[in-house]
Each structure stands twice: as C-alpha cells, then as structure tokens.
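# Observations on the three-dimensional arrangement
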Amino acid sequence: SVDSRQARRNVRRVQGQRAVQVRERRVVVVAVATDFGAEREHRDGVLEIAAHRGFSETLVSGIDRIALGEGLVGRVATKGKPEIVEDVRTDPRISREVVRKEGIVSVLIVPVTSKRKIIGTLSAVSRTLRSFTPHEVQLLTSISHQIGVAVENARLYEATRDQAQELAALHEVSATLTTTLDI
C-alpha cells in the first residue's frame, strides 16, 4: 500500500541519518561472520570476514580467520555477549597486533545470531579514543539481529533452490524412464 511504502522510505531516511551521524563520529563498521551455524556444527571453528569497509588489505588479511575464543572477536562469538574496548593500544585482550598498527583505538563487538545460535560478530571501531554509549551498543545489537535474519533467509533461499534443482533433475530422470518404458 501507499502508506507502507512511505513508512519504508521514512525508515530508510532515518537509517541514513544514523549512518551519517556515525560517520561524523569517525566510527567504521566491520562485519565478521563465519560458516558455522544451524546446518553446520562449528565447521572448522574459525571466523572469516564476510564484509568490511574502510580498512587496508593488510588489516583485513591480518584479522581474517580468527579462531573461536581467540581475542575479543572470538570470545564474543563463543560467549554471545557484547564487548567494548575503549583503548586497544593498552588492552591485552586484543590478539592481533595488526589492529594496533592500523590505528584502531576503540572497539565495540556484538554477536550476530540466527535462530538463537551465534553465527558471527559485528564490530564498530574508532580511530580515536571514545566510549561507546549503551544506546550505541543497543543500536549495533539491533543491526546484528537484522544481519542474522538476512543470513538465515539467504540460507533458506539457497536450500530451497537446491531442492528445486534436485526435484527438476528427478523429474527429468522420471520423464526419461517413462519415455523409455513406453517404447
């Protein structure tokens, strides 16, 4: 309906304004996700970067493939609780030196969940010293929930597509057998 389209436009406008506000505070968001989840039980126990923005290839390659339980990202993926580091330069929980070398100072990491299972993490980082507010923790957590829903929907779509291909192949075999038997 017209009202629902207008409501969606308003939501996108507000989300865009929030993104601008976050950018003005010099916060960059990086998503770290993994293949483990509902269908696969901790496949190899390693988190892999699924998406990022604003980071050098050196940093990306340096933080890709983090083991569950390793550093803060691995801990969040294991425990399912948000973690905040106001100053990574002095925090011993940061397991990869490349994070410090990149100039990242403050970090907020939240779990990404799907069907009550942790499937990865979502991080917001700042190159300046700052404290993340409870509102920002809640906002990033809400965004991570939406990511979890999107990942689950993508998995369901992929499974449905695979089943449709299998059914089409079975139908083709069945049609061939039927034709052969009719001769």
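In this text, all values refer to a predicted model and were calculated from it rather than measured experimentally.

### Some remarks on the overall build of the chain
Along the backbone of the chain there are five helices and six strands. Ordered by position from N to C terminus, the α and β elements of the chain give α-β-β-α-β-α-β-α-β-β-α. Expressed as a percentage of the 183 residues in the chain, the buried residues total 32%. Counted over contacts in the chain with a minimum sequence separation of 6, partners at least 24 positions apart contribute 54%.

### Re the nonpolar core
Counting 21 residues, the largest nonpolar core has Leu59, Ile63, Val99 and Ile104 as its most contacted members. The set of elements that each furnish at least two residues to this core consists of strand S2 (46–51), helix H2 (57–63), helix H3 (71–79), helix H4 (97–101), strand S5 (106–114) and strand S6 (117–126). Ranked by residues supplied to this core, first place goes to H3 with four residues. Those residues in contact with Leu59, other than ones at most four positions away along the chain, are Val98, Val99, Glu102 and Ile104. Within the second largest apolar cluster, nine residues are counted, among which are Val110, Ile119, Phe132 and Leu140.

### Examining the confidence of the model for the chain
Mean pLDDT over the chain: 79, with 75% of residues reaching 70 or higher. Per-element averaging of pLDDT across the chain places helix H1 (residues 2–24) at the bottom with 46 and strand S4 (residues 83–85) at the top with 95. Per-residue pLDDT stays below 50 along residues 10–25; that stretch engages in six contacts with residues further than four places along the chain or on separate chains. Of the regions scoring below 50 in pLDDT, residues 35–42 engages in 19 contacts with residues more than four places distant in sequence or in other chains.

### Thoughts on unusual backbone geometry
Unusually for a residue other than glycine, Lys115 sits at a positive phi of about 50°. Within the fold, Lys115 resides in the loop between S5 and S6. In this structure, Arg116 takes a positive phi of about 65° despite not being glycine. If you trace the backbone, Arg116 turns up in the loop between S5 and S6. Residue Arg116 is classed as exposed on the basis of its relative accessible area of 86%.

### What about the environment of Pro82?
Inspection of the secondary structure assignment puts Pro82 in the loop between H3 and S4. A relative accessible area of 38% means that Pro82 is categorised as partly exposed. Considering only alpha carbons, one finds Pro82 and Thr121, 39 residues apart in sequence, at a separation of 9.2 Å. Those residues in contact with Pro82, other than ones at most four positions away along the chain, are Ile109, Val110, Pro111, Val137 and Thr141.

### Describing the pattern of salt bridges
All chains considered together, the criterion is met by 10 salt bridges. For Asp162, the salt bridge identified is with Arg161, shortest N-O distance 3.9 Å. Overall, Arg161 belongs to the partly exposed group, its relative accessible area being 37%. One connected set of salt bridges, linked through shared partners, spans Glu83, Asp91 and Arg93.

What counts as what
- Position numbers for residues count from 1 along each chain, tracking the sequence in the order it is written.
- Only residues with pLDDT of at least 70 get local features here, since the model is predicted, and only at 80 or more are side-chain atom pairs given and counted; chain-wide, interface and lining totals rely on the full set of residues.
- In computing side-chain properties, one takes all heavy atoms of the structure into account and sets aside hydrogens as well as water.
- In DSSP terms, a helix is any run of H or I states spanning at least four residues, a strand is any run of E spanning at least two, and both are numbered starting from the N terminus.
- The rule is simple: take the accessible area with a 1.4 Å probe, protein chains only, and divide by the maximum for that residue type; under 20% is buried, over 50% is exposed, in between is partly exposed.
- The contact criterion used throughout is that any non-hydrogen atoms of two residues lie within 4.5 Å.
- Buried residues of nine kinds, namely Ala, Val, Leu, Ile, Met, Phe, Trp, Tyr and Cys, make up a nonpolar core once their side-chain atoms join them within 4.5 Å.
- Residue-level confidence of the predictor, termed pLDDT, takes values from 0 up to 100.
- Only one rule defines a salt bridge in this text: a Lys or Arg side-chain nitrogen within 4 Å of an Asp or Glu carboxyl oxygen.

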